[in-house]
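Topology and contacts: notes
Okay, here's what each chain looks like letter by letter:
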Amino acid sequence: MAKGRVSIVVERCKACGFCVEFCPTHVLALSSAFNSKGYHPPHVVNPDKCSGCDLCGMYCPDFAIYATKAAGGGDKK
Amino acid sequence: MTDCLNTDLLKNEIPDPGVNPVEQFLRSDRIPHIWCPGCGIGTTVNSFARALIESKIDLGSLALVSGIGCTGRVAGYVKLDSFHTTHGRAIPFATGLKLANPKLNVVVYSGDGDLSAIGGNHLIHAARRNIDLKVICVNNLIYAMTGGQTAPTTPDHSTTSTNPYGVFEPSFNLPHLVEAAGAVYVARWTTFHVRQLSRSISEAFKKKGFSFIEVISPCPTLYQRRNKLGDGLDAMKYYKEKSKVRNGAPTSEVGMTMTGEIIVGKFVDRERPDYLTLMKSQYTESLGERFVEQPEMVCS
Amino acid sequence: MNADLQKADPRGVLTGVHFMDGDHACCEGALAAGSRFAAGYPITPSTEVVERFAQRVPTVGGTFIQMEDELAASITLQGAVWGGAKAFTVTSGPGFSLMMEHIGYAAMTETPCVFVDVQRGGPSTGLPTLPAQADMMQAKWGSHGDYEIIALCPNSPQECFDLTITAFNLAEEYRVPVMFMMDECVGHMTEKVVIPPADQIDVMPRKHTRKSVEDYLPYGTNGDQVPEMAHAGEGYNFHVTGLTHDERGYPNMTPPVQDKLVRRLQSKIRDAADRIAMFEEEQIEGADVVVVSYGITSRVAQRAIEAARKKGLRVGKLRLITAWPFPEKKIRELAANVKAFVVPELNLGQMVREVERAAAGQAKTFAVSHAGGGVHNPEDILKVIVEASR
């Protein structure tokens with residue numbers, strides 16, 4: 001099971017690509033979906049690899065993503 | 001086929017402030033902010049937020065002062081007592097704030113043009129006086145807000161809107177300038193160095209005196225684009241590749257060029273009595289019992 | 001009398017009968033008003049105000065800092081205001097020019113503070129040690145954009161003391177920068193100055209909010225036009241900006257918000273013009289000519305007025321103590337009943353334009369100009385009074 005889980009605030013994202021690039025375990029990729037401003041937000045492609053380190057959250061200049069340590073498993077809210 | 005976004009946050013949901021560390025410090029009603037895609041200013045705010053948490057600063061006694069420019073807009077996005085002042089004058093405003101209420105922790109958060117061009121005089125005098133301020137200088141090597149003009153920090157041969165044929169002026173080496181003027185804490189990081197930046201800010205909070213932390217940050221829209229250096233992500237990769245951490249390096253050696261090495265690290269960490277300490281000591285010596293310490297300036 | 005007024009803090013009040021010049025009296029006025037912070041930069045003929053403050057304030061409890069230039073001084077004092085202090089700075093023409101951006105910032109952010117301008121000959125470096133009154137229009141219009149300020153003109157060292165207190169009180173009441181328009185003559189003239197006991201001095205406290213953090217709006221007004229203030233470090237987490245802003249203090253750069261804000265900044269002062277206006281009248285009833293003057297010129301004009309009365313002319317005196325907001329209503333009323341206004345000034349015609357504008361053609365207006373560097377010869381004023389009376 002993944003040690004962490006990523007949350008993405010879709011409407012804040014400007015698709016800069018920092019989170020995708022700097023995630024140490026390549027959890028993310030830019031999606032082909034759009035937010036209402038026309039940007040491609042990231043999406044989780046390797047959920048099991050997420051360690052909850054929150055580097056994505058630290059890099060994101062738009063406060064649009066963050067990771068939390070999963071509480072005993074990565075189930076959705 | 002378009003990807004379906006597998007996020008558990010609804011389209012307009014604001015994250016729980018308790019979850020994303022930075023959220024509690026944001027005026028969430030004003031996000032998304034105006035900074036461009038790939039601009040690094042927001043990244044510096046993440047480091048700042050984590051420093052605030054880590055250093056357990058009393059937020060009620062924290063004030064943030066900014067000047068004019070892209071970085072100057074930080075004041076408007078943080079949920080603190082924040083002052084968006086005039087171009088170049090964040091430091092003297094912050095000085096007044098600190099001297100009137102020495103209990104305040106005063107942070108100056110502004111850009112390279114604001115702090116070193118129009119604000120240059122105030123920068124060196126505050127460093128000289130060793131006013132207890134924490135200055136975070138986001139250096140994107142350009143005047144971004146106004147459309148990409150040359151700043152005193154713009155590297156040689158860069159193209160800007162006011163040097164369309166290439167900058168030929170030597171640029172400032174800010175750590176060197178500020179150290180010479182008297183700062184007690186001088187560091188430089190880039191927006192790639194998110195953890196180190198956060199640590200430096202925490203260290204600055206523990207210091208009494210003039211602290212200066214320069215953060216090299218991408219300006220994708222003007223600096224990167226006009227100089228064919230790619231976008232914000234390309235800048236971040238360049239910082240990752242070309243930065244060299246040299247803690248304690250002589251600041252005279254940390255000047256920057258357009259595509260060369262970027263020396264980062266904590267360069268100066270020394271002790272000098274701060275302005276208020278010097279003031280109190282001088283008055284005590286000269287006036288003895290006649291010296292009356294400034295009372296709490298509560299005029300309500 | 002305003003119910004909010006408090007008594008002065010005796011620690012700052014140098015009670016007694018003194019023999020001091022206007023600059024020194026101004027400093028004592030600031031201390032009596034409760035000011036415990038000044039940021040300054042030396043400039044003749046104003047420097048003595050802060051030199052005295054530098055000497056006095058460490059024994060009263062406060063801070064003086066000499067900044068590296070007027071650009072800094074004029075905003076450092078505002079930082080101190082937001083930190084909780086009553087603060088001021090002191091300058092003359094060239095420094096006043098440098099301070100203009102920050103006077104606008106104070107007006108826009110509604111920062112209560114006092115700017116003392118001890119006027120000297122200009123333009124530019126001009127006559128550093130000699131009097132003039134040529135910054136009067138600049139006091140009102142010097143910064144960019146539409147804004148209002150209050151300007152006071154003392155004509156004696158005693159008034160330099162009394163009216164400095166008034167300046168601080170008005171600044172707090174209206175959350176506005178107040179221009180204290182002295183001149184080199186009044187600043188460097190030595191006269192008797194009586195400083196009363198502290199319990200006879202009324203000071204206006206900071207208009208501090210009592211609202212909770214959740215309810216407080218930094219630029220919201222509750223019926224009146226002046227918002228309540230909070231200071232940094234009290235937990236209100238407010239934002240102050242020079243950008244056009246809404247009631248939350250958040251930048252909102254749209255025409256409707258601009259309209260609402262800037263009109264309020266204007267009407268905050270203009271609507272209270274009658275309450276703010278102070279002037280001294282003498283023999284206005286039945287006058288043919290009214291001499292309108294301020295500052296040192298009012299004392300010279302007094303000589304001319306008396307000489308004119310000896311000649312049998314019916315001359316009234318209107319001394320402006322408040323120059324801005326300009327007492328239009330008073331001039332308009334007088335204009336209906338007098339033949340002419342005579343306006344002597346140590347400049348080539350500044351406040352006279354306001355008199356003429358307010359008179360709206362109902363009475364003639366005669367300027368008695370002087371390029372500065374000295375005071376008028378009373379004869380020159382008398383000559384114009386005689387001409388105006390014909």
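See above for the structure.
Described below are features of the structure shown in this document. (Residues numbered from 1 in each chain as written. Chains lettered and ligands numbered in written order. Predicted model: local features only at pLDDT ≥ 70, side-chain atom pairs only at ≥ 80, totals over all residues.)

**Re the overall build of chain B**
A tally of regular secondary structure across chain B gives ten helices and eight strands. Taken over C-alpha atoms, the radius of gyration comes to 20 Å for chain B, in line with the 19 Å a tight globule of 300 residues would show. Projected onto the principal axes, the alpha-carbon positions of chain B cover approximately 80 × 50 × 30 Å. The buried share of chain B, reckoned over its 300 residues, is 56%. Counted over contacts in chain B with a minimum sequence separation of 6, partners at least 24 positions apart contribute 67%. (Helix = DSSP H or I, 4+ residues; strand = E, 2+ residues; numbered from the N terminus. Rg over C-alpha atoms; globule rule 2.2 N^0.38 Å. Buried ≥ 20, exposed ≤ 12 C-beta atoms within 10 Å, placed from the backbone. Contact = placed C-beta atoms within 7 Å.)

**Considering the sheet that holds strand 8 (residues 262–269) of chain B**
Overall, mixed pairing links the nine strands, which are arranged 7(B)-8(B)-5(B)-6(B)-4(B)-3(B)-1(B)-2(B)-12(C) in an open sheet. Strands with a single pairing partner mark the edges of an open sheet, and in this sheet they are strand 7 (243–245) of chain B together with strand 12 (239–241) of chain C. Each strand of the sheet is rotated relative to its neighbour by a mean of 20 degrees, with strand direction disregarded. Bridge count for strand 1 (residues 62–66) of chain B against strand 2 (residues 81–84) of chain B is four bridges, and the pairing is parallel. Among the inter-strand pairings, B:L64 is bridged to a residue of strand 2 of chain B, identified as B:S82. Across the sheet, helix 7 (residues 194–206) of chain B touches strand 3 (105–111), strand 4 (134–139), strand 5 (185–190), strand 6 (211–216) and strand 8 of chain B, and the angle it forms with strand 5 of chain B is around 160 degrees. Contacts from helix 9 (residues 232–242) of chain B reach strand 5, strand 6, strand 7 and strand 8 of chain B within the one sheet, and its direction differs from that of strand 7 of chain B by about 40 degrees. (Pairing = 2+ DSSP bridges. Axes fitted to C-alpha atoms, helices over the stretch in contact; angles between N-to-C directions.)

**A look at the nonpolar core**
Ranked by internal contacts, the top residues of the largest apolar core, which has 239 residues, are B:V65, B:L97, C:I150, C:V178 and C:I385. Take this core: its biggest share by element is nine residues, from helix 7 (residues 157–174) of chain C. Formed jointly, this core draws a minimum of three residues from each of two domains, domain 1 (6–203) and domain 2 (280–389) of chain C. Excluding residues that lie within four positions of it along the chain, B:V65 makes contacts with B:A75, B:F83, B:T85, B:A90, B:F93, B:A94, B:L97, B:V106 and B:V108. (Core = buried A, V, L, I, M, F, W, Y, C linked by C-beta atoms within 7 Å. Domains from an automatic or database assignment.)

**Quick word on the environment of C:G233**
Structurally, C:G233 can be placed in the loop between strand 11 (202–203) and strand 12. When the C-alpha positions of C:G233 and C:G187 are compared, they lie 37 Å apart, and in sequence the two are 46 residues distant. The residues touching C:G233, leaving out its near neighbours within four places in the chain, are B:G60, B:S61, B:A63, B:D81, B:N101, B:K103 and B:L104.

**A few points about helix 1 (residues 22–33) of chain C**
Each α-helix winds once per 3.6 residues, and so residues spaced three or four apart point in a common direction. Residue and element names in this part refer to chain C. Here helix 1 is twelve residues long and its end C-alpha atoms lie 16 Å apart, about the 16 Å a rise of 1.5 Å per residue gives. Extensive coverage of helix 1 is indicated by the burial of twelve of its twelve residues. All of the buried residues in helix 1 are G22, D23, H24, A25, C26, C27, E28, G29, A30, L31, A32 and A33. After helix 1 finishes, the residue G34 shows a positive phi value of roughly 100 degrees. (Expected span 1.5 Å × (residues − 1).)

**Observations regarding unusual backbone geometry**
For the bond running from B:I31 to B:P32, omega is 10 degrees, close enough to zero to count as cis. Topologically, B:P32 is positioned in the segment before helix 1 (41–54). The omega angle of the peptide bond from C:T44 to C:P45 is 0 degrees, so this bond is cis rather than trans. Turning to its location among the elements, C:P45 is positioned in the loop between strand 3 (37–40) and helix 2 (47–60). At A:F63, a residue that is not glycine, the phi angle is positive and equals roughly 55 degrees. Mapped onto the secondary structure, A:F63 falls in the loop between helix 2 (55–59) and strand 4 (65–69). Accessibility expressed as a C-beta count within 10 Å gives 26 for A:F63, which makes it buried. With a phi angle near 60 degrees, B:N130 is a residue other than glycine that sits in the positive phi range. Position of B:N130 relative to the elements: it lies in the loop between helix 5 (120–129) and strand 4.

**Things to note about helix 13 (residues 351–359) of chain C**
Residue and element names in this part refer to chain C. Of all nine residues that make up helix 13, seven are buried, and the element is covered over most of its length. For helix 13, the full list of buried residues reads M351, V352, E354, V355, E356, A358 and A359. Among the structural elements, helix 6 (136–141), strand 14 (289–293), strand 16 (322–324), helix 12 (328–335), strand 17 (340–344) and strand 18 (364–368) are those in contact with the buried residues of helix 13. A360 occupies a position one or two residues after helix 13 and carries a positive phi of about 50 degrees.

**Let's talk about the environment of B:V106**
Residue and element names in this part refer to chain B. Mapped onto the fold, V106 is located in strand 3. Sequence separation of V106 and M256 is 150 residues, and the distance between their C-alpha atoms is 29 Å. With near-sequence residues (within four places) excluded, V106 lies in contact with A63, V65, A94, L97, K98 and L133.

**A closer look at the packing of helix 12 of chain C against helix 13 of chain C**
Residues and elements named next belong to chain C. Look at helix 12 against helix 13: their axes get within 8 Å of each other, and the N-to-C directions meet at 60 degrees. Accordingly, the angle class assigned to the pair helix 12 and helix 13 is oblique. Helix 13 is crossed by helix 12, and the crossing has right-handed handedness. Residue-level inspection shows E328, I331, R332 and A335 of helix 12 in contact with helix 13, the latter providing V355, A358 and A359. (Parallel < 35°, antiparallel > 145°, perpendicular 65-115°, else oblique. Left-handed = near helix turned anticlockwise from the far one by under 90°.)

**Section: the interface of chain C and chain B**
Taken together, the 46 residues of chain C in the interface contact 41 residues of chain B. Looking at the side of chain C that touches chain B, the elements with two or more residues in it are strand 3, helix 2, strand 4 (63–66), helix 3 (70–82), helix 5 (100–109) and strand 12 of chain C. Top element by residues in the side of chain C that touches chain B is helix 3 of chain C. It accounts for nine residues. Looking at the side of chain C that touches chain B residue by residue, the classes come out as 22 nonpolar, 18 polar and six charged. Two elements, strand 2 of chain B and strand 12 of chain C, share three bridges in a ladder whose sense is parallel. Its bridge partner lying in strand 12 of chain C, B:S82 is registered against C:H239. (Nonpolar A, V, L, I, M, F, W, Y, C, P; charged D, E, K, R; others polar.)

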